[in-house]
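So the chains spell out like this:
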Amino acid sequence: MYINSTGFYIPQERVANSYFLNVNGLTDEWILKRTGISTRSKAAENEGHNSMGLNAIENALKDLPYDIKDIDLIVSASYSPYDTVATLAHITQQKYDISNIKAVYASSACSSFVNGLEIVEGYFAMGKAKKALLVCSEHNTYYSNESDPKCGHLWGDGAVAFFLSAEKLRDDEPEILHIYTRGLGNVSKGPEGVRLRPKEGGIEMPDGRDVFIHACKYMIKALEEVTNPENMAVNQLDYIICHQANKRIVTNVATRLGMEDNRFINNIEELGNTGSASAAIVFSQNIDKFKKGEMVGLTVFGGGYSCGAFLIKI
């Protein structure tokens, strides 16, 4: 599977740590030390899940080597949709007036993007699609409770889009070599680790320590699953992009793997936790920095619990 084009959208507004002192009692210093976050992105009043996703698609269209109407599959991935019936996949189909196409919504907490990628892989393998759009948009601030001292200060908003094809279309296209996902609902806190119940407190993280422990463990395990087929050790990757949940998780993963911090690419300090879109946003932001032949591993962990990873050869 090949990446034909990527694009992202990040709202302009940034909410500084100092904002939360009078909201949930946390200081700038405490938040930065515990999470690595200095500011977080926030959608404007006239923005939302759908508009951010459509903006990410528009950003990706600039480098797309074919007409968007040539795609035969749209997968939208998210845990924070505006509408669970009329999904972003269908909104996209309407906007671009694409007929005779499959439109699917995928949700599995912060591994939603990787699960969506695996769905695309499946359609390609079955011969039911040849070109696909995967769009992931997270409007966390629409559902978050800023006064919650456990997680109200973590969330940022953003979206990302990948156009994908079963066959290589250009010589310089990155190739997705392997994809791995795993449900972990039967592990430890499982479904109660992180939850989003709009009428019952919004996004909540009752036990951040449990999330931290299992995120560090399973993001490495997921990377092992996608590097083993290439006879690689995880620490042989040129770069790793982790789910942008907490900078301390990234540091812990780097320490366990014996890797230098400069081989991990992050945006959490500026954008906060942009959910299942986060790792893919980082990749899209930095795609021009990677060199031909480099191997990049993206790995995620989601509340629920779930994990996933995919390996890209530039």
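Our structure is the block above this text.
Residues numbered from 1 in each chain as written. Predicted model: local features only at pLDDT ≥ 70, side-chain atom pairs only at ≥ 80, totals over all residues. Heavy atoms only, no water.

One finds L237, I240, I249, V253, L257, F264 and F301 to be the most contacted residues of the largest nonpolar core, which totals 43 residues. Listing elements by their share of this core, those giving two or more residues are α7 (208–227), β11 (239–242), α8 (247–257), β12 (295–302) and β13 (306–313). For this core, the leading source of residues is α7, giving 10 residues. Not counting residues within four places of it along the chain, the set of residues in contact with L237 comprises L223, T227, M232, M259, R263, M295, G297 and L311. Counting residues in hydrophobic clusters, the runner-up holds 38 residues, among them A129, C136, A280 and F283. (Core = buried A, V, L, I, M, F, W, Y, C linked by side-chain atoms within 4.5 Å. Buried < 20%, exposed > 50% of the residue type's maximum accessible area, 1.4 Å probe, protein only. Helix = DSSP H or I, 4+ residues; strand = E, 2+ residues; numbered from the N terminus. Contact = heavy atoms within 4.5 Å.)

Time to look at the layout of surface pockets. By volume, the largest pocket amounts to about 690 Å³. Residue assignment for the lining of the largest pocket shows that the elements contributing at least two residues are α2 (28–35), β9 (195–197), α7, α8 and β12. Its residues placed into classes, the lining of the largest pocket shows 20 nonpolar, 9 polar and 7 charged. Computed from the structure, the second largest pocket encloses a volume of approximately 450 Å³. T6, D63, P174, I287 and D288 are, among the 20 residues lining the second largest pocket, the residues nearest its centre. Those elements giving two or more residues to the lining of the second largest pocket turn out to be β1 (2–9) and α10 (278–286). Residue contributions to the lining of the second largest pocket peak at 6 residues, all from β1. For the lining of the second largest pocket, the residue count by class is 6 nonpolar, 7 polar and 7 charged. (1 Å grid on protein atoms, 1.4 Å probe; cavity = no way out; pocket = protein on both sides within 12 Å on 5 of 7 lines; lining within 4 Å. Points joined across faces, edges and corners; volume = space filled by probe spheres on them. Nonpolar A, V, L, I, M, F, W, Y, C, P; charged D, E, K, R; others polar.)

A few words now on empty space enclosed by the protein. In this approach the atoms are scanned with a rolling probe the size of a water molecule, which exposes any empty space left behind. Tallied over the full model, the rule gives 1 cavity of 30 Å³ or more. By volume, the largest cavity is sized at about 70 Å³. Around the largest cavity, the lining residues are V15, F20, R40, S41, K42, T141, S144, E146, G152, H153, L154 and W155. Residue classes in the lining of the largest cavity are distributed as 4 nonpolar, 5 polar and 3 charged.

A surface patch of positive charge is lined by K33, R34, R209 and R248. Position of R34 relative to the elements: it lies in helix α2. (Patch = residues over 30% accessible without salt bridge, like charges linked within 9 Å, V, L, I, M, F, W, Y side chains within 5 Å. Areas by Shrake-Rupley, 256 points an atom, 1.4 Å probe, with all protein chains shown as cover. Salt bridge = Lys/Arg side-chain N within 4 Å of Asp/Glu carboxyl O. Lys, Arg positive; Asp, Glu negative; His and termini not counted. Charge placed at Lys NZ, Arg CZ, Asp CG, Glu CD.)

Let us now look at the state of the cysteines. Counted under the stated rule, the structure contains 0 disulfides. C110 supplies the cysteine sulfur nearest to C136, a cysteine that is in no disulfide, at a spacing of 9.0 Å. Classification of C136 by relative accessible area gives buried; the value is 0%. C216 supplies the cysteine sulfur nearest to C242, a cysteine that is in no disulfide, at a spacing of 8.7 Å. (Disulfide = S-S within 2.5 Å.)

Across the interface, helix α3 (residues 49–61) lies against helix α4 (residues 88–96) with an axial gap of 10 Å and an inter-helix angle of 55°. The orientation of α3 relative to α4 falls into the category oblique. Crossing hand, α3 versus α4: right-handed. Of the residues in α4, those touching α3 at H49, N50, G53, L54, I57, E58 and L61 are L88, I91, T92, K95 and Y96. Its residues assigned to classes, the contact of α3 with α4 comprises 6 nonpolar, 4 polar and 2 charged. (Axes fitted to C-alpha atoms, helices over the stretch in contact; angles between N-to-C directions. Parallel < 35°, antiparallel > 145°, perpendicular 65-115°, else oblique. Left-handed = near helix turned anticlockwise from the far one by under 90°.)

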